[in-house]
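# What the coordinates show
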Amino acid sequence: MQIEVYKMTADGDNLTISLEAICDSFSSLLWDIEYYQCGSFEVYIAANPQNIAIFQTGRIVGRDDDSEHFGIIESVKIETDAENGDYLTVTGRFLMCLLERRIIYPTLSFTSKKSYGEMVQTAIKNNCLMSDSRRIPGLSLGTVSGDCWKRLATLQVSYDNLMEWIYKICEKIGGTANIRLVKNSGEKYKMVLDLSEGTDRSIMQDENPHIIFSDAYSNLLSFSYAEDFSIQRNFAYILGKGEGEERKRTVYFDGDEPSFLMRYEVYADAKDMADEQQENGETKPISEEEYLELLKERGKEKIILPLTASESQIAVQSMQFQYSTDYFVGDYVTVEHQRFGLTQPKIQLIGMIESFDRNGRNLTPTFKGGV
C-alpha cells in the first residue's frame, strides 16, 4: 500500500489534479472511515525538506488501494527531537469536509413529501452548485442507492451547517454520503457525491453471506460492550410559531405511544419554523396540516434511541472475512462473545480505523446499535 499526494487546482467547474509524490516510507498511517460522520487520516513521517515540500495544506492524500476515499490535508505539524529524530504529523479529513464550508441558505422547505435523497441533493444544488461565489468547483451529484434514501418526509431547515445536516439525515435514516474523485481526461477530475446504504450481512437475513465476528472463530481479538438507556427520548412535544398558548404545537412518537415508566419526554423548540414559504417568487402561507407535519419532523430529530455500542479489534489476516472485500463500513454484521454468552445478531459497523506502522496493519472497528 502506498500514499499518493496530489496538488489540486480549481478552474471554474474543472479540477486539475496532478500527482506530486508517491510515498511508501512513512512511519505510520491512520485511515479512519466513518459512516455517520466525516472520516479522517493521519500520516506520521520523517521531517525533511522533501517531505515538507510534498505534504502541504490543501493537497489531496489518497491510497493506491482505495478509490473511494480521498482526504484534504488540513494540518501539518513539525516536531524536532535530538534523540528520536524530526517528524511531520499530517492530518486531515475526507472530501465531505468541503461541505462544512457552506450553510443552508436560504431556507429549504418541503411541505409536500419528498424522498430524503431528493431533499439532500436539492440542498447540495442550492448551496454548492448554483451561485458562482458559493459553488464548489468540480463537485457533481452522483448515484443514490439504498431504500433508506427513498423514504418520504416533509422538512424545513435553514442556516444549519450543510455537512453536519447531511450526516444528521444519514443517522436518522441509516444511510451515508461520500465524495470520491473521478477522472475525466488527462489531469481533469470531478468530485462525485454519492448517497448509499450499507448491506445486511448478519445472521438475521439469508440473501447475503453471513459475516460473524466471534472469539470462537479467533477473528475477534478484543471486545468492549456498553448499553445506556438513560439517554433515550421517545416522546417529543414540539412548539412552533406564535406566543404563549397561541403557539402552534404537536407531538411526535414512533409506533405505539410510550407510557408510564417507558415514556422519556423531550421538548423541541421550533419557533424558527416558518409558516410561509417562497413559491415562484411569491410568499405563500403553509397550511395548518403541512405545518404540523413539519413540526413532527423537527420532533423526530429529538428522538434518541437507547445506546448500544461496542468497540473491538479484529484479526487482519482472518481466514473467514476480508475487510473491503467481504464487508464494508455501514454493513450490518453479527458479533458474539461466547465466553460471556453475549450475541449481537445484527449490529452496524459504523467506523473502521486502519492503522499501518512498523508492526504491520491493524483493524479497529466501531459497532453501533443491534437487535
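The model shown is predicted, which means the values in this text are computed figures rather than measured ones.

This paragraph deals with the overall build of the protein. Summing up its helical and strand segments, the protein has 4 helices and 23 strands in all. Taking 21 Å as the expected radius of gyration for a compact globule of 371 residues, we find that the protein reaches 23 Å, a close match to that expectation. On the principal axes, the C-alpha backbone points of the protein span a range of 70 × 60 × 45 Å. Going through the 371 residues of the protein one by one, you find that 44% of them count as buried. Taking as baseline every contact in the protein between residues at least 6 positions apart, the subset at least 24 positions apart corresponds to 66%. When the accessible surface of the protein is split by element, carbon and sulfur atoms take 47% of a total near 19,000 Å². Between the mean site of the 38 positive side-chain charges and the mean site of the 58 negative ones, the protein shows a separation of 5 Å.

Further remarks concern the pattern of salt bridges. Once their charged atoms are close, side chains differing in charge can pair, the charge on each being opposite to the other. As enumerated under the stated definition, the model contains 23 salt bridges in all. Its salt-bridge partner being Asp 65, residue Arg 63 comes within 3.0 Å of it at the nearest N-O pair. Using a relative accessible area of 5% as the deciding quantity, one classes Arg 63 as buried. Overall, the relative accessible area of 46% leaves Asp 65 in the partly exposed class. Among the ionic pairs, Asp 200 bridges to Lys 346, the shortest N-O distance being 3.4 Å. Taken as a pair, Asp 200 in the loop between strand 12 (188-197) and strand 13 (212-214) and Lys 346 in strand 22 (residues 342-357) lie far apart in primary sequence, 146 residues in all. For Asp 200, a relative accessible area of 19% gives the class buried.

Judged by nonpolar contacts, the single largest core of 82 residues is most densely connected at Leu 99, Trp 165, Ile 166, Phe 213 and Tyr 327. Those residues in contact with Ile 166 that sit more than four places away from it in its chain are Met 96, Leu 99, Val 120, Ile 124 and Ala 177. Counting 11 residues, the second-largest nonpolar core is a separate cluster that includes Ile 238, Tyr 252, Ala 268 and Met 273.

Relative to the elements of secondary structure, His 69 occurs in strand 6 (residues 66-79). Looking at His 69, the relative accessible area reads 15%, which means it is buried.

This brings us to helix 2 (residues 116-129). Over its 14 residues, helix 2 runs 19 Å from end to end, which matches the ideal 20 Å to within 8%, given 1.5 Å per residue. Regarding helix 2, the residues found buried are Tyr 116, Gly 117, Met 119, Val 120, Gln 121, Ala 123, Ile 124, Asn 127 and Cys 128. Its buried side turned inward, helix 2 meets strand 8 (108-115), strand 9 (139-144), strand 10 (152-157), helix 3 (162-173), strand 12 and helix 4 (288-302).

The rules we used
- Residues numbered from 1 in each chain as written.
- Predicted model: local features only at pLDDT ≥ 70, side-chain atom pairs only at ≥ 80, totals over all residues.
- Heavy atoms only, no water.
- Helix = DSSP H or I, 4+ residues; strand = E, 2+ residues; numbered from the N terminus.
- Rg over C-alpha atoms; globule rule 2.2 N^0.38 Å.
- Buried < 20%, exposed > 50% of the residue type's maximum accessible area, 1.4 Å probe, protein only.
- Contact = heavy atoms within 4.5 Å.
- Areas by Shrake-Rupley, 256 points an atom, 1.4 Å probe, with all protein chains shown as cover.
- Lys, Arg positive; Asp, Glu negative; His and termini not counted.
- Charge placed at Lys NZ, Arg CZ, Asp CG, Glu CD.
- Salt bridge = Lys/Arg side-chain N within 4 Å of Asp/Glu carboxyl O.
- Core = buried A, V, L, I, M, F, W, Y, C linked by side-chain atoms within 4.5 Å.
- Expected span 1.5 Å × (residues − 1).

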